[in-house]
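# Tertiary structure, described
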Amino acid sequence: MRPSGAKPNFLPPGLVSNLQDVLSSRKGTAAPNEKNEDSTVPNSVPDDAAEVDDTKPVVLVTNADGIESPGLTYLVDALVRQGLYNVHVCAPQSDESTAGHSFTLKETIAVTSAEIHSASAYEVTGTPVDCVSLALSGALFSWSKPMLVISGINKGSSCGRNMFYSGAVAGARESLFSDVPSISISLDWKKDESQESDFKDAVGVCLPLINAALRDIEKGAFPKCCLLHVEVPKSPLTNKGFKLTKQSHWSHKLCWQAISASRNPAAGRFVPNQQSLGLQLAQLGRDASAAGAARRLTTQKKNIEEVESVGVAGKSDPNRKAKYFRLELLDKKQEEEDEDLDFRALENGFIAVTPVSLSMHVEAGVHAAASKWISTALEVEQ
């Protein structure tokens, strides 16, 4: 932890003290312990309690980039090789990076066993929140509650307001909803600069923090009022150490581009994968007739969906014209200069550790201004 000078720290003193104890003297350069080299042990299944060593704490790993992403596989490999934990995985089948805190309602999700470095693993045709909620429900795994949920390692920064869009942060937040401590991790991936091995390095620098968290959870010393969001700089091995940071207002600029119909926008915008194709067809079937019904068939691995409409399609309206748009995320200049903000610490080469609370705290000045306006508005209406 690097000192932040004379700048005021707006985090609760007790939380700061706990985090400083956890992060103190850890620069995050240790490599994963090379234990349990054999990664050929078959996966366990929900009703197979023999695979779980009750003497070891349970760690649940999820992410937002999808179960086959290198950030998750490197993390699981490192945790399994240590031999200290029962490692379990429940992660989305496909990329859900910007799913936010969404879950699947009134739709059936498919859960398929997967093989990831001897961990008991499942891929889910849902969001990160679906994965964590399902795993903690007791319906999937033989254990009742993990000691820690780790969401990541996410490809790309989730600093500032991007936390609200981030599926990785949402997975950790859902865990905290169930009073299970959690950590979300993102790597500041840079196009044309970063490479897959950076994820392995990011795991190496974060492992001391993860081990410290599990140790202090057992002692009752880990913060219970928040999750920890960890941002790893683009060159993990050259990091300047851990730094306790505050959530900034930084975010990407959302830029909507009009797309010509001749450029086949459906292929890129509306049908990014087979799951979206099924959802789009279901929507068309529902719009075609109030009596229409959809039937979805999901294969075990490819998540290919077929939808049949039993309704009669209505007459097309030649006066209705469709417009097509594509969303692009653009970087924008950030005016905030506080060195204790998450994105500033990341730019300066630190591993930024930001506590994220569940409470939607409103500052006293904002509350007073809103209260004054509401009182005045109601007096006018009366």
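What comes next is a walk through the structure. Since the structure is predicted, the reported quantities are computational estimates derived from the model, not experimental observations. (Residues numbered from 1 in each chain as written. Predicted model: local features only at pLDDT ≥ 70, side-chain atom pairs only at ≥ 80, totals over all residues. Heavy atoms only, no water.)

## Focus: the packing of aromatic side chains
Heads up, the rule is: Ring geometry is summarised as follows: Phe, Tyr and Trp rings, the Trp one being its six-membered ring, pair when their centres sit within 6.5 Å, and such pairs are stacked at plane angles under 30 degrees, edge-to-face over 60 and tilted between the two. A helix here means a DSSP run of H or I that spans at least four residues, while a strand means a run of E at least two residues long, and both kinds are numbered starting from the N terminus. Between buried and exposed lies partly exposed: a residue is buried under 20% and exposed over 50% of the maximum accessible area for its type, with that area taken using a 1.4 Å probe on protein chains only. Consider the ring centre and the ring normal. A charge sits over the ring if Lys NZ or Arg CZ is within 6 Å of that centre and within 35 degrees of that normal.
Scanning the entire structure with this criterion turns up three aromatic pairs. When the ring of Y122 is compared with that of F141, the centres are 5.5 Å apart and the planes differ by 70°; the resulting orientation is edge-to-face. Separated by 19 residues along the polypeptide, Y122 in strand β4 (residues 119-124) and F141 in the loop between α3 (128-137) and β5 (148-155) bring together distant segments of the chain. Summarising the aromatic geometry, the rings of F141 and W143 are spaced 4.8 Å apart at their centres and angled 10° between planes, so their arrangement reads as stacked. Residue class for F141 comes out buried when judged on its relative accessible area of 5%. Three or more aromatic residues link up through ring pairs in this structure, and these residues are Y122, F141 and W143. Positioned above the aromatic ring of W189, the side-chain terminus of K155 is 4.5 Å from the ring centre.

## Quick look at the environment of S175
As a reminder of what qualifies: The contact rule is simple, with two residues in contact once any of their heavy atoms fall within 4.5 Å.
Along the polypeptide, S175 turns up in helix α5 (residues 167-177). The exposure class of S175 is buried, given its relative accessible area of 0%. Taking the C-alpha atoms as reference points, S175 and S133, separated by 42 residues in sequence, lie 7.4 Å from one another. Every residue in contact with S175, bar those within four places of it in the chain, is listed here: V132, L136, V149, V180, P181 and S182.

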